[in-house]
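Spelled out from the first residue to the last, the chains are:
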Amino acid sequence: EDQVTQSPEALRLQEGESSSLNCSYTVSGLRGLFWYRQDPGKGPEFLFTLYSAGEEKEKERLKATLTKKESFLHITAPKPEDSATYLCAVYDYKLSFGAGTTVTVRA
Amino acid sequence: GAVVSQHPSRVICKSGTSVKIECRSLDFQATTMFWYRQFPKKSLMLMATSNEGSKATYEQGVEKDKFLINHASLTLSTLTVTSAHPEDSSFYICSARDTLEETQYFGPGTRLLVL
């Protein structure tokens with residue numbers, strides 16, 4: 001059974017304070033690793049898909065990286081609007097989600 | 001990015017009634033759509049996978065007679081919660097997978113409250 005573990009559960013940052021979120025996984029056949037952002041009371045918003053170890057993708061202040069056993073989401077110089085829950089999911093014909101990391105960025 | 005809509009966004013109903021939730025892919029065709037349930041401060045739990053024109057595949061522990069799923073076209077899937085009870089109150093989210101890629105795009109969710 002696919003397993004996805006995200007850490008930390010919660011992260012409180014000062015505006016401009018860079019940090020990283022971790023997503024470790026065990027999966028029989030990884031067809032992709034997805035990162036989503038979810039705001040309270042809304043559906044997840046797609047951020048990135050990573051397919052192979054060594055791959056990196058960037059979008060504004062976010063950068064996602066992938067190794068054979070984990071993925072990192074780096075947030076560089078975060079702003080309050082980056083506050084959200086970040087979800088990691090592995091895809092093996094269906095998505096299996098981690099519990100998420102709730103990021104709070106204070107001004 | 002691809003857009004998925006859900007209707008209604010919020011619904012309150014009496015115990016014993018049925019509620020239908022619609023999920024539409026607005027700018028792409030989706031052979032496969034998914035229905036998730038999310039409890040407060042918890043992650044998404046996959047309920048079922050629906051493929052256009054065929055029966056849905058339900059995850060273990062999900063009652064198929066209670067949660068009826070229909071995927072009649074490449075842009076529309078519906079979830080009907082039959083004989084709803086208070087324990088069915090939850091946040092239901094659909095997603096659609098673009099036929100041309102493997103990315104799933106999510107709808108905004110439907111908040112169901114059963115009194």
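Preceding this section is the structure that the text describes.
Below: a short report on this structure.

Thresholds, definitions, all that
Residues numbered from 1 in each chain as written. Chains lettered and ligands numbered in written order. Predicted model: local features only at pLDDT ≥ 70, side-chain atom pairs only at ≥ 80, totals over all residues. Heavy atoms only, no water. Contact = heavy atoms within 4.5 Å. Buried area = accessible area lost by both parts, 1.4 Å probe. Salt bridge = Lys/Arg side-chain N within 4 Å of Asp/Glu carboxyl O. Polar contact = N/O pair within 3.5 Å; in protein donor to acceptor, adjacent residues only side chain to side chain. Helix = DSSP H or I, 4+ residues; strand = E, 2+ residues; numbered from the N terminus. Nonpolar A, V, L, I, M, F, W, Y, C, P; charged D, E, K, R; others polar. Pairing = 2+ DSSP bridges. Axes fitted to C-alpha atoms, helices over the stretch in contact; angles between N-to-C directions.

### Observations regarding the interface of chain B and chain A
- Contacts between the two partners involve 17 residues from chain B, matched on the other side by 19 residues from chain A.
- For the pair chain B and chain A, the summed buried surface comes to about 1400 Å²; carbon and sulfur atoms form 52% of the total.
- Contact with chain A buries area across many residues of chain B, yet S43, E102 and F106 of chain B alone supply 36% of it, more than any other trio.
- K94 of chain A is the partner of E59 of chain B in a salt bridge, and the nearest nitrogen-oxygen pair spans 2.7 Å.
- On the surface where chain B and chain A come into contact, there are six residue pairs in polar contact (both at pLDDT 80 or more).
- Elements represented by at least two residues in the side of chain B that touches chain A include exactly β4 (32–38), β5 (44–51), β9 (90–97) and β10 (104–106) of chain B.
- Class assignment for the residues of the side of chain B that touches chain A results in eight nonpolar, five polar and four charged.

### Some words on the sheet that holds strand β6 (residues 56–59) of chain A
Residue and element names in this part refer to chain A.
- In space, the five strands of this open sheet follow the order β1-β3-β8-β7-β6, with antiparallel pairing throughout. Both edges of this open sheet fall to β1 (3–7) and β6, since each of them pairs with a single strand only. Within this sheet the neighbouring strands show an average axis-to-axis angle of 15 degrees, counted without direction.
- Where strand β7 (residues 62–66) meets strand β8 (residues 70–75), five bridges bridge the pair, whose relative direction is antiparallel. By the bridge assignment for β8, L66 is matched with S71.

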